[in-house]
Amino acid sequence: MNIALKSGLAAIFATTILSGAAMAETLRLSHNVGDTTTWQQGAVRFGELLSEKTDGAFDVRVFPNAQLSGGDQMRQAEMVGRGALDLVVTSAINVTPLVPEMAVFSLPYLYGGYDQVDATTQGPAAGLLEDILREKGIEVLAWGENGFREVTNNTRPIKSPADMEGLNMRVAGPMYIDVMNALGANPQQMQWGETLTALQQGVVDGQENPIGAVIIPQQVYEMQKYLTTWHYSYDPIFLGVSKKRWESLDAETQGQMREAAVEAMEYQRQITREGTDAGVAFLREKGMEVYEPTEAELQAFRDATKPAFDEWAAKVGDEIVGAFRKAIDEAG
């Protein structure tokens, strides 16, 4: 084979490789916590699975810390809804400004355990929220987990509602403002990107978040001394895609994307729960004082937060709250 022919074939081969790589369509995925979290791990896994299932047709680029929405975690879903972002992993409470009904998942002391959680997020009840989000331009592909939100602070152990009195508490959304007000705390709504600095500088006394998904991977234990496992509110996450992007895909690709999302969020839920199970011992090793309330003490928190529950249940509406309670009752 002469040199000219070899060179020509090499050029064709190189062009083919480059054109194949260039064919991968870039999708931008935004989430609002750090790159050490299980949110990030789930998002990255989704990208890997989607690439595998579509023979490299898509390249998912993951952007943590709400970079693509200027650090505003509440804007991510709205941006996906109008097609400014392709994909989002975010928690239900972050979407309540756009869809108030999403607060149903986080109603104080709605759930008693993971079986009840799964009966709603992985069952027909969640479909009612998916229908509303679809109307807002977001197709929910799968549900993952942020987890049961536990309270931390730097002032004192939290054993009763009275211990919350006067504490400046960072919260994520409107419902938690009402919950903290009911407990006598001073809620400060704040972007997560600002929260770690606020904790370090003492701008706020404490915060509330899940152990496995946030408190450990974001090293909140380095800034907070006390933790109480009060399990007062559950927060799921979901992986959603812009409806405009979704409708541009053929049925086969839609199926592949949903399969990738379901598998990725199953993985994300698993590692989040594993991190939570081992989390209390880990946090104690790191020097946190962990208090685990008795059933009687938990009932006092339930009673104190009931006004906020009732107010937000009314905002969500009887149909959705009823569907969630039915699923929870059937789960036992």
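As the structure is a prediction and not an experimental result, all values here were calculated from the model.

Criteria and thresholds
- Here the residue numbering is sequential within each chain, running from 1 through the sequence in written order.
- Residue-level local features of this predicted model are given only where pLDDT is at least 70; pairs of side-chain atoms are given and counted only at 80 or more, and the full residue set underlies all totals for whole chains, interfaces and linings.
- Hydrogens are left out, water is left out, and the side-chain values use all remaining heavy atoms of the structure.
- By convention in these notes, a salt bridge is any Lys or Arg side-chain nitrogen within 4 Å of a carboxyl oxygen on Asp or Glu.
- Here a helix means four or more residues in a row that DSSP labels H or I, a strand means two or more in a row labelled E, and each is numbered from the N terminus.
- Type-normalised accessible area, obtained with a 1.4 Å probe on protein chains alone, sets the label of each residue: buried when under 20%, exposed when over 50%, and partly exposed for intermediate values.
- The arc under discussion is defined with respect to the helix axis, by the directions toward the C-beta atoms.
- Here a pair means two rings of Phe, Tyr or Trp (six-membered ring of Trp) with centres within 6.5 Å. Their orientation is stacked below 30 degrees between planes, edge-to-face above 60, and tilted elsewhere.
- As a reminder, the over-ring test applies to NZ of lysine and CZ of arginine, requiring each to be within 6 Å of the ring centre and within 35 degrees of the ring normal.
- Any two strands between which DSSP finds at least two bridges are classified as paired.
- As used here, the term nonpolar core means buried Ala, Val, Leu, Ile, Met, Phe, Trp, Tyr and Cys residues forming a set that is joined through side-chain atoms within 4.5 Å.
- Here, residues are in contact when the closest pair of their heavy atoms is within 4.5 Å.

## Side note on the pattern of salt bridges
Next, step 1: The tally for this structure, following the rule as stated, stands at 19 salt bridges.
Next, step 2: Here K225 makes a salt bridge to E289, at a shortest N to O gap of 3.3 Å. Placement of the pair is K225 in the loop between α8 (211-215) and β8 (226-242) and E289 in strand β9 (residues 289-291), with a sequence separation of 64 residues.
Next, step 3: Among the residues examined, K225 registers a relative accessible area of 35% and is labelled partly exposed.
Next, step 4: We classify E289 as partly exposed; its relative accessible area is 39%.

## Section: helix α7 (residues 192-201)
Next, step 1: Turning to α7, its buried residues are W192, T195, L196, A198 and L199. When α7 is viewed along its axis, its buried side chains cluster within an angular range of 165° and face the same direction. Residues of α7 that are exposed and angled more than 90 degrees away from the buried face: G193, Q200 and Q201.
Next, step 2: A positive backbone phi angle near 75° is found at G202, which sits one or two residues after α7.

## Quick notes on the packing of aromatic side chains
Next, step 1: Enumeration over the complete set of coordinates arrives at ten aromatic pairs.
Next, step 2: Seen in terms of ring centroids, F105 and W143 are 5.0 Å apart; in terms of plane orientation they differ by 45°. Their pairing is tilted. Of this pair, F105 sits in the loop between β3 (87-91) and α4 (114-121) while W143 is found in strand β4 (residues 138-153), placing the two residues 38 residues apart along the sequence. Of the two residues, F105 and W143, neither departs from the other in class, the shared state being buried.
Next, step 3: Feature note: the residues F105, W143, F238 and F324 constitute an aromatic cluster, connected by ring pairs.
Next, step 4: Seen from the ring of W312, K315 lies directly overhead, with NZ or CZ sitting 4.0 Å from the centre.

## Structural notes on the pairing of strand β7 (residues 206-210)
Next, step 1: β7 sits mainly inside the fold: five of its five residues count as buried.
Next, step 2: Neither face of β7 is open: one carries G206, E208 and P210, the other Q207 and N209, and all of them are buried.
Next, step 3: Taken together, the five bridges between β4 and β7 define a ladder with antiparallel strand orientation. Within the sheet, the bridge partner assigned to E150 lies in β7 and is N209.
Next, step 4: Pairing analysis gives two bridges linking strand β5 (residues 168-171) to β7, with the strands arranged parallel. If you follow R170 over to β7, its bridge partner there is Q207.

## Side note on the nonpolar core
Next, step 1: Within the largest apolar cluster, 55 residues are counted, with the highest numbers of intra-cluster contacts made by M102, M164 and W230.
Next, step 2: Broken down by secondary-structure element, the contributors of at least two residues to this core are α3 (75-81), α5 (124-135), β4, β5, α6 (174-182), β8, α12 (295-316) and α13 (318-331).
Next, step 3: The element contributing the most residues to this core is α12, with seven residues.
Next, step 4: Leaving out residues up to four positions away in the same chain, M102 has contacts with A92, V95, T96, L129, L133, W143 and F238.
Next, step 5: L29, V89, I215 and V241 belong to the second-largest nonpolar core, a separate cluster that totals 43 residues.

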